[in-house]
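# Notes for the structure review
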Amino acid sequence: MKGKTLKYIIMLATVSIVGIFLVQFAFIRSSYNLSETQFQESASVALKEVAWQVMLATGTTEIFDSITPVKVISNNTYLVNVGVAIDKELLKQNLTTQLKRHDIYYDYEFSIYSPVQEQMDETTLVRIDENEEPSDFDFPLNEDYTNYFGIHFPDRSPYFLNQLSIWYFLTALLMLVIFFFGYTLWVIIRQRQLSEIQKNFINNLTHELKTPISSIALAANVINDEKILKSPKRLFDYTHIIQEQTTRLSKNVEKVLNLASIEKSRILLNLEKVNLSEFLHEASDRFRESKAGQNAKVEIKTKTGDCTILADRFHFANLVSNILENAAKYCDKTPVIDIELLQKQNSYELNFIDNGIGIPREYRKRIFKKFYRIPTGNVHNVKGFGLGLDYVYKIVKAHNWKIKVNENPKGGSIFSLIIPK
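Residues numbered from 1 in each chain as written. Predicted model: local features only at pLDDT ≥ 70, side-chain atom pairs only at ≥ 80, totals over all residues. Heavy atoms only, no water.

### Considerations on the pattern of salt bridges
Within this structure, the stated rule accounts for 11 salt bridges. One salt bridge connects E132 with K92, and the closest N-O pair in it is separated by 2.2 Å. Here the residue E132 occupies a position in strand β6 (residues 132-135), and K92 occupies one in helix α2 (residues 88-101), the gap between them amounting to 40 residues. Accessibility expressed as a relative area gives 37% for E132, which makes it partly exposed. In this structure, R127 and D107 form a salt bridge, with 3.1 Å as the shortest nitrogen-oxygen distance. Of this pair, R127 sits in the loop between β5 (123-126) and β6 while D107 sits in the loop between α2 and β3 (108-114), placing them 20 residues apart in sequence. (Salt bridge = Lys/Arg side-chain N within 4 Å of Asp/Glu carboxyl O. Helix = DSSP H or I, 4+ residues; strand = E, 2+ residues; numbered from the N terminus. Buried < 20%, exposed > 50% of the residue type's maximum accessible area, 1.4 Å probe, protein only.)

Following this line, the structure appears as structure tokens:
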């Protein structure tokens, strides 16, 4: 799948998901408002009926048509003007009966206004099971009413859950579909990235193997000519080319084989006591003798005495070698590498500070992935398979160490190895 096509698919999917959510939100909001209206209408009718029943019990109904019984304070709170003295037990009985008749099966709080004390009486909470308990809800007062009561519904969530259950179900279903769609899209993107990485790896591998093979074949053809015997210096040069390219080819094959070996089985470490200071001097000396380190300047700075750790000497040496080789390889001037050994409270910190081209922040977490190489466009002046730092990470993990990469303020990178004591 081409990059542009995938980009358009992601954009279309994003717009579609946002559109679906907006439509879903609009429907839920509309349903919620409708449920609010339905509840308010049902509660108002029920409370109007309660006012009528209270008046009827006192034999005073002629004033009913001259008053507005129900005043909506909020969606949960109502004041009901009765116009006659109110008996608490009679009121509670009528409230319970009329609310149930209008399918309002929820806890409610009510309080009766006392004209003598000019305040609301103690508020009573009546639960669905008809148990009562005191409540501290504070009802508002109304100066235009003389005999009235207030009612408040503290929790209407069961009502809305019942009314909006179908929308909640559809929303949950939509979320599930979006999750699987997002996961599928992530898999596609991930597979595309892996495919790109593997393609680059195969291209690099083909080039790294083809170049020495071509050089060896060319040198062999020249040596195969009998006239070469008359020029011993040329013969020596071509045999040196064969030897050099054979070594290069052997190292490349060894890298691939080591990778396959590590992938097939768990890394088995041969742990032994290693003096860090001595080990670093030996590793830096070997690096200076290698082709990659011939022009590099390596300096070891230890701010601690002799310190000993448990490590696999072979793998640890390869780890250090890979970091040093990368520092030299990715440098556009004379490589200068400082190896700094610090002692912390519970660990040793080994810093490899180089003056190379540096690693952009967005790539620092990816460089330890297998086959990954920092994009350089069409510039391929540095060859490699993207296996070195993957190997480094695996060895660090096998030792239960930690590694991180930071920017060198003077230019370049700092690879920090954290080794617990």
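This is not the end of the story, as more comes after the structure.
### Points about the sheet that holds strand β9 (residues 297-302)
Overall, mixed pairing links the five strands, which are arranged β9-β11-β12-β14-β13 in an open sheet. One side of each edge strand has no neighbouring strand; the edge strands of this open sheet are β9 and β13 (402-407). For this sheet, the mean angle separating the axes of adjacent strands, direction not counted, is 15°. The pairing of strand β12 (residues 347-353) with strand β14 (residues 413-420) spans seven bridges and is classified as antiparallel. Counterpart to F352 in the pairing with β14 is F415. Taken strand by strand, helix α6 (residues 276-289) contacts β9, β11 (336-343) and β12, and its axis lies near 175° from that of β9. (Pairing = 2+ DSSP bridges. Axes fitted to C-alpha atoms, helices over the stretch in contact; angles between N-to-C directions. Contact = heavy atoms within 4.5 Å.)

### What about α2?
The terminal C-alpha atoms of α2, which comprises 14 residues, lie 20 Å apart, in line with the 20 Å expected from a rise of 1.5 Å per residue. Within the sequence span of α2, burial applies to L91, K92, N94, L95, T96, Q98 and L99. Looking at where α2 begins, the residue whose side-chain oxygen comes 3.3 Å from the main-chain nitrogen of E89 is D87. Following α2 by one or two positions, D103 has its phi on the positive side, about 60°. (Expected span 1.5 Å × (residues − 1). Polar contact = N/O pair within 3.5 Å; in protein donor to acceptor, adjacent residues only side chain to side chain.)

### Re the confidence of the model for the protein chain
Averaged over every residue, the pLDDT of the protein chain is 81; residues scoring 70 or more account for 84%. Here helix α3 (residues 157-163) stands out as the least confident element of the protein chain, with mean pLDDT 62; strand β7 (residues 148-152) is the most confident, with 94. Under a pLDDT of 50 for its full length, residues 377-382 has, in the predicted model, three contacts with residues more than four places off or in other chains. (pLDDT = per-residue confidence, 0-100.)

### Considerations on the pairing of β11
Burial analysis of β11 places six of its eight residues in the buried class, which makes it a mostly covered element. One ladder, built from six bridges, connects β9 with β11; its direction is parallel. Each bridged residue has a counterpart across the sheet, and for V298 the counterpart in β11 is I337. Two elements, β11 and β12, share six bridges in a ladder whose sense is antiparallel. Paired with D338 across the two strands is I353, which belongs to β12. Taken together, β11 and the strand that follows it, β12, pair antiparallel across an intervening segment of three residues.

### A few points about helix α8 (residues 388-398)
By the burial criterion, the buried members of α8 are L389, D390, Y391, V392, I395 and V396. After α8 finishes, the residue N400 shows a positive phi value of roughly 60°.

### So, the packing of aromatic side chains
Evaluation of the coordinates by the stated rule reveals 13 aromatic pairs. Ring geometry for Y78 versus F153: centroids 6.2 Å apart, planes at 80°, classification edge-to-face. Taken together, the residues Y78 in strand β2 (residues 77-81) and F153 in the loop between β7 and α3 connect sequence positions 75 residues apart. Since its relative accessible area comes to 0%, F153 is described here as buried. (Phe/Tyr/Trp six-rings, centres within 6.5 Å; stacked < 30°, edge-to-face > 60°.)

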